[in-house]
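Here is what each chain is made of, one letter per residue.
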Amino acid sequence: MSDVTVKQLAESVRAPVDRLLKQMQEAGLPHTGEDQSVSEDQKQELLAFLKRSHGSDESGQKKITLKRKTVGTLKSGQGRAGRAVTVEVRKKRTYVRRAETEAAAAEGAEAEAEAEAQRAPSALELEAQRIREEDLARKAAEEEVQRKEAERKEEEERQRAEALAEAKRKAEEASAQAEPVSQEAPTKAEEVPLTPEKLAEAAAEAQAKVQATEKGGKRGKGRERDRGRDAQPERGRRRELSLKSERRGRRRQTSPVLKLDQQGGEFKPTDFIAREVDIPDVISVGDLAQRMSVKAGEVIKTLMGLGVMANINQSVDQETAILIVEEMGHIPRAIHADAIEHAFDKSMKVEGEESPRAPVVTVMGHVDHGKTSLLDYIRKSRVTSGEAGGITQHIGAYRVDSAHGKITFIDTPGHAAFTAMRARGAQSTDIVILVVAADDGVMPQTEEAIQHARAAGVPIVVAINKIDLEGADPDRVTNELAAKNVVPEDWGGDTQFVKVSAVTGEGIDSLLEAVLLQSEILELKAVPEAAGRGVVVESRLDRGRGPVATVLVQNGTLRQGDVLIAGEHYGRVRAMLDEFGDQVKEAGPSTPVEVLGLNGTPAAGDEFSVATDERTARELAQFRTDKSQEQRVAQQQAAKLDNMFANMGAGEKRVLKIVLKADVRGSLEAITQALADMGNEEVSVNVLGSGVGGITETDATMAMTYGAAVFGFNVRADAAAKATIEREGIDLRYYSVIYELLDDVKQVLSGMLSPEIREEIVGIAEVRDVFRSPRYGLVAGCMVVEGSVFRNKPIRVLRDNVVIFEGELESLRRFKDDVSEVRSGTECGIGVRNYNDVRPGDLIEVFETKEVARAL
């Protein structure tokens, strides 16, 4: 090869010219510039120098080794619970060139450079080599991390074992020091066993030491995380608080219940918690999930498993909700809309020692048979003279102290209040005194009183009054009562009969003895120490004192200052008055008193109870008021035209009430006149209000008050009227053609007419013979002489053209087959249900009834 310049040689070996000149000068060559030529010998000399400088000689294999060292950080785990490990990666590359002295001597420096370039590894091979080395380094780093983790766990186990051994040693020392000083102590007290509680304390102490060690090792990394947390202050603070609370809980508990979720940083229970879930009548899916402390998606998934498709806002009934709660492992507890009532009833449990109480006696009987006069003589008062017309106008309750004991009497003018009290379950009456006048006998109201007493299951004591009159006939009264199954004891019955006179007082003591004897048989008892409860006998609104309620205490004791709830009203007892008008501080069982302080007048028959506080009484009263209001609103259906027919009473003229508004006066007058001409003696139209202009709130209020429909002719309702109409459910109709309005009204009136009942004879069969069947009883062999006989239609049996029976067929057979129809001229067998007096020659008439709608 020809000589080359220094510059050309630098380009061929891919080295800077300055660096090549420096190396040539170090090799002892005279070159100083890039344009100077380099011979083959000079190239060999330069090559030998470079080989010597790299520690190689001419005989062995020639190699070049490159080394690189990098330091990085490898993080294991996730979140703040991960661990950072420092990893040092060392990379080493070696390039080897075999000795070829003969070729080098023959070809020269350029061929040597080209051969070196050919034998050098390609870029792809270098990259593959680098990837393999990195994989090896990563595996080595992971093995290092696993080794360090294993060492850390071994160290923790060792520390825990040492802590447990230390705790056991301390416990043994403490048990050794706890020997009794007294010589009388038993010897077995010297050995104190290592109880589970002490082992748990030792384990907790060991756990605290291990956590302290971990905390010390993580303190440096914790500061780094704190510095890096400035970008997300809120999230970092929540994580830090959660971690602190976890560590604090671990110090206090031997077996922590909660752990830190590494992905979300939230506390989650490690064990399933079965909760008691209150389920009302209707509950939404979202509310149900919230009460079970689960995600709504899990509840929806459970619903899908049960075959119910619902979203988070839809509601499910109580039975479905109970199935869901049980399916998810929780405990359902059904609650109803009146849960507040049940809770109040549970709080009113009567506890205490029972003691005998006075009987509560109701005096009943026919009008003017002397009920109040009899009670007046017993009370030694003049009540009758103070009543209008000498008859009882209200219910009164009185307590009488007789020589035989105390008795509470209830005097009532009728039986409505008594029946209402029994229907509401108020055990207000123990004994009924049935007063019958000896000169009048058993009257209709006497029979009604007997029926009420029997329906209530209350024993009866009969008082035959007015025996002092000349026309008195007690025996006739006894016979009449015996005919009503009220049999006296003298005749073998169970009812006591006492002859009395409210004027002379004859037999009064015997009557009281009979009442007390009956009460002893009933064994009436109560708990005076319990909270007072009973029934409202009557109530009124006094102008000076406000609402006044006469109540009968059935159990417990009612005291002044108690919070009372009676029906839909409540209040604090400001004063209590007895039957004589004197104030009393408390009233025990079977005691009637007048109570002042309620916020309203409760209904007769309402139960009353003493509440724990005023708030409970107010909430319960409001609940009862709302419930009563809902019931009243639900019953108000008169405004709907569709329901108006059901509200029509039989035998009275049915009236369609309308509130009419029109756009102009001429249309209004024409419609009003046309409506007035409609109707007959059964139905008619009554225009309650009419006017020109839009439908206002006043029109809607009038329609609501009188149960009318609102008709608008070319007018519309304003916003206030629409709100009232929608809220009250009033029927509103718009019209633009007068004939459509009149046709609708005529159709409604036609529907209000009672239908016409038409009867049509469809067939007649003549009885030819009668025989008995073991299966159907008496069977008539007949010939159908007219029309057809149907099995499922009503029939009449005629004898000498007189109807003697009306009913239905039991069976209809032709030969041996059951048939549903037999035509004229055909023989058949007929069995009449519940009638066995069919004779040959009778006619069986089959008919059907049809209701034909009437029209105006």
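Each value, and the rule that gives it
- Residues numbered from 1 in each chain as written.
- Predicted model: local features only at pLDDT ≥ 70, side-chain atom pairs only at ≥ 80, totals over all residues.
- Heavy atoms only, no water.
- Helix = DSSP H or I, 4+ residues; strand = E, 2+ residues; numbered from the N terminus.
- Buried < 20%, exposed > 50% of the residue type's maximum accessible area, 1.4 Å probe, protein only.
- Contact = heavy atoms within 4.5 Å.
- Areas by Shrake-Rupley, 256 points an atom, 1.4 Å probe, with all protein chains shown as cover.
- Pairing = 2+ DSSP bridges.
- Axes fitted to C-alpha atoms, helices over the stretch in contact; angles between N-to-C directions.
- Lys, Arg positive; Asp, Glu negative; His and termini not counted.
- Salt bridge = Lys/Arg side-chain N within 4 Å of Asp/Glu carboxyl O.
- Polar contact = N/O pair within 3.5 Å; in protein donor to acceptor, adjacent residues only side chain to side chain.
- pLDDT = per-residue confidence, 0-100.
- Core = buried A, V, L, I, M, F, W, Y, C linked by side-chain atoms within 4.5 Å.
- Parallel < 35°, antiparallel > 145°, perpendicular 65-115°, else oblique.
- Nonpolar A, V, L, I, M, F, W, Y, C, P; charged D, E, K, R; others polar.
- Phe/Tyr/Trp six-rings, centres within 6.5 Å; stacked < 30°, edge-to-face > 60°.
- Lys NZ or Arg CZ within 6 Å of the ring centre and 35° of its normal.
- Arc of directions from axis to C-beta.
- Right-handed = clockwise from strand over helix to strand, strands pointing away.

Focus: the overall build of the protein chain
Of the regular secondary structure elements, the protein chain holds 24 helices and 39 strands. For the protein chain, the proportion of its 856 residues judged to be buried stands at 37%. Within the protein chain, contacts between residues at least 6 apart in sequence are counted, and of these 68% link residues at least 24 apart. Total accessible area on the protein chain is roughly 50,400 Å²; 48% of this is exposed by carbon and sulfur atoms.

Some thoughts on the sheet that holds strand β28 (residues 683–692)
In a beta sheet, neighbouring strands are held together by backbone hydrogen bonds and run either parallel or antiparallel to one another. Strand order in the open sheet formed by four strands is β28-β27-β29-β30, with parallel pairing between adjacent strands. This sheet does not close on itself; its edge strands, each paired only once, are β28 and β30 (732–735). Averaged over all pairs of adjacent strands, the angle between their axes in this sheet comes to 25 degrees, without regard to strand direction. Bridge count for strand β27 (residues 654–662) against β28 is nine bridges, and the pairing is parallel. For Leu656, the partnering residue across the bridge sits in β28 and is Val685. The strands touched by helix α22 (residues 697–706) within the sheet are β27, β28 and β29 (709–713), with β27 carrying the most contacts at an inclination of about 175 degrees.

A look at the side chain of Asp562
Mapped onto the fold, Asp562 is located in the loop between β21 (558–559) and β22 (563–566). It is Arg559 that comes nearest to the buried, bridge-free Asp562 among opposite-charge side chains, at 5.1 Å. Within the local environment of Asp562, its side chain forms a polar contact with the backbone nitrogen of Arg559, the two atoms lying 2.9 Å apart. Asp562 has contacts with Thr557, Gly571, Arg572, Val573 and Val610, leaving out every residue within four places of it along the chain.

Remarks on the pairing of strand β26 (residues 607–611)
For β26, a buried count of four out of five residues is recorded, marking the element as mostly surrounded by other parts of the structure. As defined by bridge partners, strand β19 (residues 533–542) adjoins β26 across three bridges and the pair is classed as antiparallel. Paired with Gly534 across the bridge in β26 is Phe608. Two strands pair when backbone bridges link them, and β22 and β26 are joined in this way by four bridges, in the antiparallel orientation. Note on β26: the bridge partner recorded for Leu564 is Val610.

A few points about the pattern of salt bridges
In this structure the tally under the stated criterion is 39 salt bridges. The partner of Asp135 in a salt bridge is Arg138, and the shortest N-O contact between them spans 2.8 Å. Of this pair, Asp135 and Arg138 both sit in helix α6 (residues 123–177), three residues apart, which is roughly one turn of the helix. With relative accessibility at 45%, the residue Arg138 sits in the partly exposed group. A salt bridge links Arg839 to Asp837; the nearest nitrogen and oxygen atoms lie 3.4 Å apart.

Section: the sheet that holds β22
Pairing in this closed barrel of six strands is antiparallel, and the strands run β19-β20-β25-β23-β22-β26 around the ring. Geometrically, the sheet is characterised by an average inter-axis angle of 45 degrees between neighbouring strands, direction not taken into account. One ladder, built from four bridges, connects strand β23 (residues 569–577) with strand β25 (residues 591–598); its direction is antiparallel. The residue bridging Met576 from the neighbouring strand is Val595, located in β25.

Some thoughts on the confidence of the model for the protein chain
Scored by pLDDT, the protein chain has a mean of 76; 76% of the residues are at 70 or more. Predicted confidence is poor over residues 179–194, with pLDDT under 50, and the contacts of this stretch with residues over four places away or in other chains come to seven contacts. Every residue in residues 381–395 is under pLDDT 50, and counting partners more than four places away or in other chains gives 26 contacts.

Here we look at the environment of Ala321
Structurally, the position occupied by Ala321 is in helix α12 (residues 318–327). On the basis of relative accessibility, which here comes to 0%, the residue Ala321 falls in the buried class. Each C-alpha atom, one on Ala321 and one on Ser284, is 9.1 Å from the other, the two residues being 37 residues apart in sequence. If near-sequence neighbours (up to four positions away) are discounted, Ala321 is found in contact with Ile279, Ile283, Leu288 and Val316.

Some points on the nonpolar core
Counting residues in each nonpolar core, the largest one holds 23 residues, and the members touching the most others are Val361, Leu374, Ile407, Phe409, Ile433, Val500 and Leu511. Looking at which element gives the most residues to this core, the answer is helix α18 (residues 508–522), with six residues. Core analysis: the next-biggest nonpolar cluster, separate from the first, contains 21 residues, Ala662, Val683, Ala709 and Leu749 among them.

Here we look at the packing of helix α1 (residues 6–13) against helix α2 (residues 17–26)
At their nearest, the axes of α1 and α2 sit 9 Å apart, and the two run at 110 degrees to each other. Judged by the angle between their axes, α1 and α2 are roughly perpendicular. Contacts between α1 and α2 involve Val6, Lys7, Leu9 and Ala10 on the former and, on the latter, Val17, Leu20, Leu21 and Met24. Taken together, the residues of the contact of α1 with α2 sort by class into seven nonpolar, no polar and one charged.

Points about the packing of aromatic side chains
Tallied over the full model, the rule gives two aromatic pairs. Ring plane angle 20 degrees and centroid distance 4.5 Å describe the contact between Phe805 and Tyr835, whose orientation is recorded as stacked. You can see Phe805 sitting in strand β35 (residues 802–814) and its partner Tyr835 sitting in the loop between β38 (827–832) and β39 (843–852), a full 30 residues away along the chain. The exposure class of Phe805 is buried, given its relative accessible area of 18%. In this arrangement the basic side chain of Arg716 is found over the ring face of Tyr734, its NZ or CZ atom lying 4.4 Å from the centre. The ring of Phe790 carries the charged tip of Lys793 above its face, separated from the ring centre by 5.4 Å.

Points about helix α11 (residues 296–305)
Among all positions of α11, only Ala296, Val299, Thr302 and Leu303 are buried. Considered in projection along α11, the buried side chains sweep an arc of 120 degrees and stay on one side of the axis. Of the residues in α11, the exposed ones pointing more than 90 degrees away from the buried face are Lys301 and Gly305. Elements in contact with the buried residues of α11: α10 (285–292), β9 (315–317) and α12. A positive phi of about 85 degrees marks Gly307, the residue just after α11.

Digging into the pairing of strand β15 (residues 431–437)
Every regular strand shows the same layout, with side chains that alternate between the two sheet faces. Across the seven residues that make up β15, a large majority, seven, are buried. Across the two faces of β15 the burial is the same, with Ile431, Ile433, Val435 and Ala437 and Val432, Leu434 and Val436 all buried. Pairing geometry for strand β12 (residues 360–365) and β15, over five bridges, is parallel. Among the inter-strand pairings, Met364 is bridged to a residue of β15, identified as Leu434. Crossover handedness for the path β15 to helix α16 (residues 444–456) to strand β16 (residues 460–465): right-handed.

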